[in-house]
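# Commentary on secondary and tertiary structure
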Amino acid sequence: QVQLVESGGGLVQPGGSLKLSCAASGNIFNINRMGWYRQAPGKQRELVAAMVSGGPTNYGDSVKGRFTISRDNTKSTWYLEMNSLNFEDTAVYFCYAFVKIYGRLEYFDYWGQGTQVTVSS
């Protein structure tokens, strides 16, 4: 009913930049929260950045000051701009949304399929 599709991952050198996009589609009435998580090999999934619709943003401690989350309301799309990338940023990045769909009262969690970001020299 709701699909999240990430794009923009790839290989980048240390100190470089990438911008990820997440496009939401489907039977969406409202997106309350959206964001990005990542998971490196052997590690738990962790918050990268999140925002509440019309509200505050928050970032994981390791990315504060380097990553920025933003949203294009007209396209149900949000972005993660990543600067000053380092080796520790290598992970699969997942977009996330807390969505109310038409015909239901509740909100549900949805996840994208993930996009690989590799920082390597």
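Residues numbered from 1 in each chain as written. Predicted model: local features only at pLDDT ≥ 70, side-chain atom pairs only at ≥ 80, totals over all residues. Heavy atoms only, no water.

## Notes on the packing of aromatic side chains
Both the distance between ring centres and the angle between the ring planes are used here to describe each pair of aromatic rings. Under the counting rule described, the total for this entry stands at 5 aromatic pairs. Between Tyr37 and Tyr96 the ring centres are 5.8 Å apart and the planes differ by 75°, which places this aromatic pair in the edge-to-face class. Placement of Tyr37 in strand β4 (residues 28-39) and of Tyr96 in strand β9 (residues 91-101) is noted, with a sequence separation of 59 residues between them. An angle of 25° between the planes, with centres 5.2 Å apart, marks the rings of Phe98 and Tyr107 as stacked. One aromatic cluster is present, formed by Tyr37, Tyr96 and Trp111 through successive ring pairs. The side chain of Lys19 reaches across the aromatic face of Tyr79, ending 4.8 Å from its centre. The cationic tip of Arg45 hangs over the ring face of Trp111; the distance from NZ or CZ to the ring centre is 4.7 Å. (Phe/Tyr/Trp six-rings, centres within 6.5 Å; stacked < 30°, edge-to-face > 60°. Helix = DSSP H or I, 4+ residues; strand = E, 2+ residues; numbered from the N terminus. Lys NZ or Arg CZ within 6 Å of the ring centre and 35° of its normal.)

## Focus on the state of the cysteines
A full pass over the atoms with the stated rule returns 1 disulfide. Put simply, Cys22 and Cys95 are joined by a disulfide, and their sulfur atoms are 2.1 Å apart. Measuring the twist about the S-S bond at about 50°, one finds the Cys22-Cys95 disulfide to be right-handed. Taken together, the residues Cys22 in strand β3 (residues 18-26) and Cys95 in strand β9 connect sequence positions 73 residues apart. One exposure class covers both Cys22 and Cys95, and it is buried. (Disulfide = S-S within 2.5 Å. Buried < 20%, exposed > 50% of the residue type's maximum accessible area, 1.4 Å probe, protein only.)

## Notes on the nonpolar core
Counting 32 residues, the largest nonpolar core has Leu4, Trp36, Trp78, Leu80, Met82 and Tyr93 as its most contacted members. Those elements that place two or more of their residues in this core are β1 (2-7), β3, β4, β5 (46-52), β7 (67-72), β8 (77-82), β9 and β11 (115-119). The residues contacting Leu4, other than those within four sequence positions of it, are Cys22, Ala23, Ala24, Trp78, Cys95, Tyr96, Ala97, Tyr110, Trp111, Gly112 and Gln113. (Core = buried A, V, L, I, M, F, W, Y, C linked by side-chain atoms within 4.5 Å. Contact = heavy atoms within 4.5 Å.)

## Concerning unusual backbone geometry
Phi at Ser84 takes a positive value of approximately 50°, unusual for a residue other than glycine. By the secondary structure assignment, Ser84 is in the loop between β8 and β9. A relative accessible area of 45% places Ser84 in the partly exposed class.

## Digging into the pattern of salt bridges
Scanning the entire structure with this criterion turns up 5 salt bridges. Ionic pairing is found between Arg38 and Asp89, a salt bridge with its closest N-O pair at 2.9 Å. Separated by 51 residues along the polypeptide, Arg38 in strand β4 and Asp89 in the loop between β8 and β9 bring together distant segments of the chain. According to the relative accessible area criterion, Arg38 is buried, its value standing at 4%. Taking the shortest distance from any N to any O, the salt bridge between Glu106 and Arg104 comes out at 3.3 Å. Judged by its relative accessible area of 37%, Glu106 falls in the partly exposed class. The class of Arg104 is partly exposed, set by a relative accessible area of 37%. (Salt bridge = Lys/Arg side-chain N within 4 Å of Asp/Glu carboxyl O.)

In short, shape yes, function no, at least from these values alone.
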